[in-house]
Amino acid sequence: QVQLVESGGGLVQTGGSMRLSCVDSGRTFSNNGMGWFRQAPGKEREFVASISWSGENTYYADSVKGRFTISRDNAKNTVYLQMNSLKPEDTAVYRCAADKDYYSGTFYPISGDYWGQGTQVTVSS
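Note that this is a predicted model, so its numbers are computed, not measured.

J.: Please give an account of the pairing of strand 1 (residues 4-7) that cites residues and values.
T.: Here strand 1 shows a buried face lined by Leu4 and Glu6 and an unburied face lined by Val5 and Ser7. In terms of strand pairing, strand 1 meets strand 3 (residues 18-24) through four bridges, oriented antiparallel. In the sheet register, Glu6 faces strand 3, and the bridge partner there is Cys22.

J.: Give me the pattern of salt bridges: which residues, what numbers.
T.: Going through the model one piece at a time under the given rule, you end up with four salt bridges. Notably, a salt bridge pairs Arg38 with Asp90, separated by 2.9 Å at the nearest N-O pair. One end of the pair, Arg38, is in strand 4 (residues 34-39); the other, Asp90, is in the loop between strand 8 (78-83) and strand 9 (92-98), and 52 residues separate them in sequence. Its relative accessible area of 0% is what places Asp90 among the buried residues. In this structure, Asp90 engages Arg67 in a salt bridge whose closest nitrogen and oxygen atoms are separated by 2.7 Å.

J.: Can you tell me about unusual backbone geometry, naming the residues and giving the values?
T.: Here Asn77, not a glycine, exhibits a phi torsion of approximately 50°, which is positive. Position of Asn77 relative to the elements: it lies in the loop between strand 7 (68-73) and strand 8. Owing to a relative accessible area of 18%, Asn77 belongs among the buried residues under this scheme. With a phi angle near 50°, Ser85 is a residue other than glycine that sits in the positive phi range. Assignment of secondary structure puts Ser85 in the loop between strand 8 and strand 9.

J.: Break down the pairing of strand 8 for me, with residues and values.
T.: The side chains of a regular strand alternate between the sheet's two faces. Most of strand 8 sits out of view: five of its six residues are buried. Across six bridges, the pairing between strand 3 and strand 8 is antiparallel. Across the sheet, the residue bridging to Ser21 is Tyr80, located in strand 8.

J.: Now, about the nonpolar core: what can you tell me, with residues and values included?
T.: Within soluble globular proteins, side chains that are nonpolar tend to cluster in buried spots. Judged by nonpolar contacts, the single largest core of 26 residues is most densely connected at Trp36, Leu81, Met83 and Tyr94. Only strand 3, strand 4, strand 5 (46-51), strand 7, strand 8, strand 9 and strand 11 (119-124) provide two or more residues apiece to this core. Per-element tally for this core: the top contributor is strand 9, with four residues.

J.: An account of the state of the cysteines is needed here, citing residue identities and associated values.
T.: The tally for this structure, following the rule as stated, stands at one disulfide. Through a disulfide, Cys22 is tied to Cys96; the S-S separation comes to 2.1 Å. Handedness here is read from the sign of the S-S torsion; for Cys22 and Cys96, about -80°, the answer is left-handed. With Cys22 in strand 3 and Cys96 in strand 9, this pair connects stretches of sequence that are 74 residues apart. For Cys96, a relative accessible area of 0% translates into the label buried.

J.: Can you break down the packing of aromatic side chains residue by residue, with the values?
T.: By the definition in use, this model includes six aromatic pairs. Aromatic pair Tyr102 and Tyr103: ring centres 5.2 Å apart, planes at 85°, arrangement edge-to-face. Ring centres of Tyr103 and Phe107 lie 5.8 Å apart, and the angle between their planes is 40°; this geometry places the pair in the tilted category. On the basis of relative accessibility, which here comes to 58%, the residue Phe107 falls in the exposed class.

The rules behind the values
- In every chain, residue numbers begin from 1 and rise along the written sequence.
- At least 70 in pLDDT is required for a residue's local features to be given in this predicted model, at least 80 for side-chain atom pairs to be given and counted, and no such filter applies to totals for whole chains, interfaces and linings, which use all residues.
- Where side-chain values are given, they derive from all heavy atoms of the structure, hydrogens and water being excluded.
- Here the term buried applies to any residue with accessible area under 20% of the maximum for its type, exposed to any over 50%, and partly exposed to those in between, with areas from a 1.4 Å probe on protein chains only.
- What counts as a helix is a DSSP run of H or I of at least four residues, what counts as a strand is a run of E of at least two, and both are numbered from the N terminus.
- For two strands to be treated as a pair, DSSP must find at least two bridges joining them.
- Just to be clear on terms, a salt bridge is a Lys or Arg side-chain nitrogen sitting within 4 Å of an Asp or Glu carboxyl oxygen.
- Take the buried residues of types Ala, Val, Leu, Ile, Met, Phe, Trp, Tyr and Cys, join any two whose side-chain atoms come within 4.5 Å, and each joined set is a nonpolar core.
- Here, two cysteine sulfur atoms that lie within 2.5 Å of each other are counted as a disulfide.
- Planes of paired rings set the category: under 30 degrees apart is stacked, over 60 is edge-to-face and the rest tilted, where pairs are Phe, Tyr or Trp rings (Trp by its six-membered ring) whose centres lie within 6.5 Å.

Here is the structure:
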């Protein structure tokens with residue numbers, strides 16, 4: 001059963017840090033690319049970051065490069081998003097995602113075939 005469960009969201013001040021976690025409780029995606037998307041109120045969903053199954057390849061949106069770091073621990077079936085130097089414009093619901101395509105995340109960013117419920121991140125100014 002596909003089940004992606006996010007945690008770690010909350011309220012943080014501008015310039016602060018936060019780490020999101022996504023557990024693949026169904027142990028479905030150890031050989032697949034995974035990543036994060038976000039959606040702010042009134043805006044379209046946007047890609048944030050993705051990582052290949054091996055962890056060797058990563059992709060980031062320009063808006064988060066140098067501030068966010070994606071990683072994964074396949075032994076724990078978990079993907080992380082470390083967010084530093086947070087800005088108010090980072091406020092959004094962050095959703096974990098995974099792709100069916102084995103090569104997704106390695107040669108190109110993931111697109112999101114499976115989704116978690118999301119976790120709210122709010123950055124106060």
